[in-house]
Amino acid sequence: MPAIGREDVARLADLARIQLSDDEITRYAGEFDAIMDAVASVSEVATEDVPATSHPIPMTNVFREDVVTATLTQEEALSGAPEAEEGRFEVPQILGEE
């Protein structure tokens with residue numbers, strides 16, 4: 001597996017807009033190499049007869065039953081708003097559009 005060098009770490013930091021010192025770039029290059037080695041060792045063990053898993057134990061989603069309940073009316077929802085216009089919340093303009 002190709003090594004992650006200082007230049008690669010510096011480029012990734014630049015793309016992510018993260019300032020790194022020379023010492024951090026050197027340290028992270030070594031850490032990325034260790035991570036890549038770990039991924040490579042796991043990839044060597046995985047075979048076609050071993051199913052891919054995301055968790056070591058089976059997991060199922062727990063969903064609650066949908067129950068229809070009373071909801072707020074439009075007037076009740078807008079009653080606590082600082083400003084409302086035409087039945088909607090009025091908020092300050094932030095993008096400079098009209």
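No experiment lies behind these values; they were computed from the predicted model shown.

**Let's talk about the pattern of salt bridges**
- Summed over all chains, the structure comprises 4 salt bridges.
- The salt bridge involving D14 is made with R11; its shortest N-O contact spans 3.7 Å. Highlighted residues: D14 and R11, both in helix α1 (residues 6–15), separated by 3 residues, approximately one helical turn.
- The class for D14 is partly exposed, based on a relative accessible area of 48%.
- Between E86 and R88 there is a salt bridge, and its shortest N-O distance comes to 3.5 Å.
- Classification of R88 by relative accessible area gives exposed; the value is 55%.

**Some words on the confidence of the model for the chain**
- With 95% of its residues at a pLDDT of 70 or more, the chain has an overall mean of 86.
- Looking at the elements of the chain, mean pLDDT is at its lowest for helix α2 (residues 22–45), recorded as 87, and at its highest for α1, recorded as 93.

**As for a nonpolar patch on the surface**
- Together, L12, L15, F32, I35 and V39 give the surface a local cluster of nonpolar side chains, amounting to about 450 Å² of exposed area.
- Looking at which element gives the most residues to the nonpolar patch, the answer is α2, with 3 residues.
- Mapped onto the elements of the fold, L15 is located in helix α1.

**Quick word on the environment of S79**
- The topology assignment puts S79 in the loop between α3 (74–78) and β1 (84–85).
- Judged by relative accessible area, which is 62%, S79 ranks as exposed.
- As for S79 and M36, which are separated by 43 residues in sequence, their C-alpha atoms are 56 Å apart.
- A polar contact is formed between the side chain of S79 and the backbone oxygen of E76, at a distance of 2.7 Å.

**Structural notes on the packing of α1 against α2**
- Where α1 contacts α2, the two axes come as close as 8 Å, and the packing angle between them is 110°. Here α2 runs roughly perpendicular to α1, going by the angle between their axes. Contacts between α1 and α2 pair R6, V9 and A10 from the former with D22, I25, T26, Y28, A29 and F32 from the latter.

Definitions and limits used
- Residues numbered from 1 in each chain as written.
- Predicted model: local features only at pLDDT ≥ 70, side-chain atom pairs only at ≥ 80, totals over all residues.
- Heavy atoms only, no water.
- Salt bridge = Lys/Arg side-chain N within 4 Å of Asp/Glu carboxyl O.
- Helix = DSSP H or I, 4+ residues; strand = E, 2+ residues; numbered from the N terminus.
- Buried < 20%, exposed > 50% of the residue type's maximum accessible area, 1.4 Å probe, protein only.
- pLDDT = per-residue confidence, 0-100.
- Patch = residues over 30% accessible without salt bridge, like charges linked within 9 Å, V, L, I, M, F, W, Y side chains within 5 Å.
- Areas by Shrake-Rupley, 256 points an atom, 1.4 Å probe, with all protein chains shown as cover.
- Polar contact = N/O pair within 3.5 Å; in protein donor to acceptor, adjacent residues only side chain to side chain.
- Axes fitted to C-alpha atoms, helices over the stretch in contact; angles between N-to-C directions.
- Parallel < 35°, antiparallel > 145°, perpendicular 65-115°, else oblique.
- Contact = heavy atoms within 4.5 Å.

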